[in-house]
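Structure assessment
Spelled out from the first residue to the last, the chains are:
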Amino acid sequence: MKKIAICFIAVCLLNSLQAEEKVLVCLHGFMRAKSNMSLFRYKFKKEGWNVHVWQYPSKTKTIEEHSEEFVAYLDRLKDEYPGSSFCYATHSMGALILRAALGSDNCPEEARTGKAVLIAPPNRGSSYGRFLSKFKKINELAGPNAGKQLLLTEKDGFDYLGVFPESVKVLVIAGTCGCNPTIKGVNDGKVGINETRLPTPHLYKEVFASHSWICHTPKTVEIAMDFLEEDKDGVFQK
């Protein structure tokens, strides 16, 4: 009986060691830093997730160049978690970098088998950005790389960056606490809810929050947690 108990414990320990780890990779938005995703990092770590926030100098490169560096980052990260799929939480331009990266031929397969939460993403571009592009000082502040792309993207949006792989389930969370007359319809102050949508199938939720504070809103984290951990049927709209 003692030998059976020992064998049972050994099997349980082996299974726990082989269990897939929960990995969340976060990407902040344009002209922001790791602190932009601090609430996600805190809440998810409390629930046993391995959380990594990829910080990058957003003004220095184009979206495509950032995505290439992010692919290299994922390639290194996969060796740290062998056999585990990755989940993502992104804010604003971070979603565009992720979209381009996961569609890249160089992206590791392990990185293309999880779920992604896109928070306030300007998938269709931003009418507010196009309005701001008329001002010289704003263009100088945004810079000639990713900032210029965000300001000047036409109404067809960022489809040229590619699409998310079918193996990645995507949730878009849009903010509704904005009153910007340059944006048609409900918006978060910088991006309209219609501008957040992808051309490919995805799930969708709204949160009463502004663009700048949506990642620090507990409801946003709660929705993301439900989606990434449980994804209960009927909770999310298509």
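So, here's what we can say about the structure. These numbers were taken from a predicted model, which means no experiment stands behind them. Every chain begins its residue count from 1, and numbering advances along the sequence as written. Local features in this predicted model are restricted to residues whose pLDDT is 70 or higher, and side-chain atom pairs enter the listing and the counts only when it is 80 or higher, whereas totals over whole chains, interfaces and linings include all residues. Just so you know, side-chain values use all the structure's heavy atoms and leave hydrogens and water out.

Of all hydrophobic cores here, the largest spans 39 residues; its most connected members are Phe70, Leu74, Tyr88, Met93, Leu102 and Leu118. Looking at this core, the elements with two or more residues in it are strand E1 (23–27), helix H3 (63–80), strand E3 (86–91), helix H4 (93–102), strand E4 (115–119), helix H7 (146–152) and strand E5 (169–175). A total of eight residues in this core trace back to one element, the largest contributor, which is H4. Every residue in contact with Tyr88, bar those within four places of it in the chain, is listed here: Leu24, Val25, Phe70, Leu74, Leu98, Leu102, Ala111, Lys115, Ala116 and Val117. Each nonpolar core is a collection of buried residues, namely Ala, Val, Leu, Ile, Met, Phe, Trp, Tyr and Cys, held together in the definition by side-chain atoms within 4.5 Å. Only protein chains enter the accessibility calculation, which uses a 1.4 Å probe. A residue is then buried if its area is under 20% of the maximum for its type, exposed if over 50%, and partly exposed in between. Membership of the second largest hydrophobic core comes to 27 residues, among which are Ala209, Cys215, Met225 and Phe227. The numbering of helices and of strands both runs from the N terminus, where a helix is a DSSP run of H or I of at least 4 residues and a strand a run of E of at least 2. We call two residues in contact whenever any of their non-hydrogen atoms come within 4.5 Å of each other.

Another point: the sheet that holds strand E6 (residues 203–207). By the convention used here, strands pair only if DSSP detects at least 2 bridges between them. Ordered by their spatial adjacency, six strands build an open sheet running E2-E1-E3-E4-E5-E6, and the pairing between neighbours is parallel. Unpaired on one side and paired on the other, strand E2 (50–54) and E6 mark the two borders of the sheet. On average, each strand axis in the sheet is tilted by 20 degrees relative to the strand beside it, whichever way the strands run. The strands touched by helix H2 (residues 38–46) are E1, E2, E3 and E4; relative to E2, the strand with the most contacts, the crossing angle is about 165 degrees. Only the stretch in contact is used when fitting a helix axis, every axis being a line fitted to C-alpha atoms; angles between N-to-C directions are given from 0 to 180 degrees.

For the rest of this paragraph, the subject is the packing of H3 against H4. Taken N-terminus to C-terminus, the directions of H3 and H4 make an angle of 65 degrees; their axes are 8 Å apart at the nearest point. Considering their axes alone, H3 and H4 lie roughly perpendicular with respect to each other. As H3 runs across H4, the sense of the crossing is right-handed. Together, Ile63, His66, Ser67, Phe70, Val71 and Leu74 of H3 and Met93, Leu96, Ile97, Leu98, Ala100, Ala101 and Leu102 of H4 make up the contact between the two elements. Partitioning the contact of H3 with H4 into residue classes produces 11 nonpolar, two polar and no charged. In what follows, roughly perpendicular refers to angles from 65 to 115 degrees, roughly parallel to angles under 35, roughly antiparallel to angles over 145, and oblique to any angle outside these ranges. Note on convention: the crossing is left-handed when the near helix lies turned anticlockwise from the far helix by less than a right angle, right-handed when the turn is clockwise. All residues other than Ala, Val, Leu, Ile, Met, Phe, Trp, Tyr, Cys, Pro, Asp, Glu, Lys and Arg, Gly among them, are scored as polar; the first ten of these are nonpolar and the last four charged.

Burial within E2 is extensive, with four of its five residues counted as buried. Taken together, the five bridges between E1 and E2 define a ladder with parallel strand orientation. Within the sheet, the bridge partner assigned to Val23 lies in E2 and is Asn50. Remark: the E1/H2/E2 crossover connection has right-handed handedness. We call a crossover right-handed when, viewed with the strands running away from us, the connection from the first strand over the helix to the second turns clockwise.

In this section: the packing of aromatic side chains. Two numbers describe a pair of aromatic rings. These are the distance of the centres and the angle of the planes. Between 30 and 60 degrees the pair is tilted, below 30 it is stacked and above 60 it is edge-to-face, where a pair is any two Phe, Tyr or Trp rings, Trp via its six-membered ring, whose centres lie within 6.5 Å. This model, assessed by the stated rule, comprises nine aromatic pairs. Plain terms: the ring middles of Phe40 and Phe44 are 5.9 Å apart, the flat faces sit at 5 degrees to each other, and that makes the pair stacked. A residue pair is termed a helical-turn pair when its members lie 3 or 4 positions apart in one helix, as Phe40 and Phe44 do in helix H2 at four residues. For Phe44, a relative accessible area of 0% corresponds to the buried category. Ring geometry for Trp54 and Tyr56: centres 4.9 Å apart, planes at 20 degrees, overall stacked. Just as Trp54 is buried, Tyr56 falls in that class too. Grouping aromatic residues by their ring pairs yields a cluster made of Trp54, Tyr56, Phe70, Tyr73 and Tyr88. Remark: a charge is flagged as sitting over a ring if the NZ atom of Lys or the CZ atom of Arg is within 6 Å of the ring centre and within 35 degrees of the ring normal. If you follow Lys115 out to its NZ or CZ, it ends over the ring of Phe227, 5.3 Å from the centre. Directly above the aromatic system of Tyr204 lies the positively charged group of Arg197, at a separation of 4.0 Å from the ring centroid.

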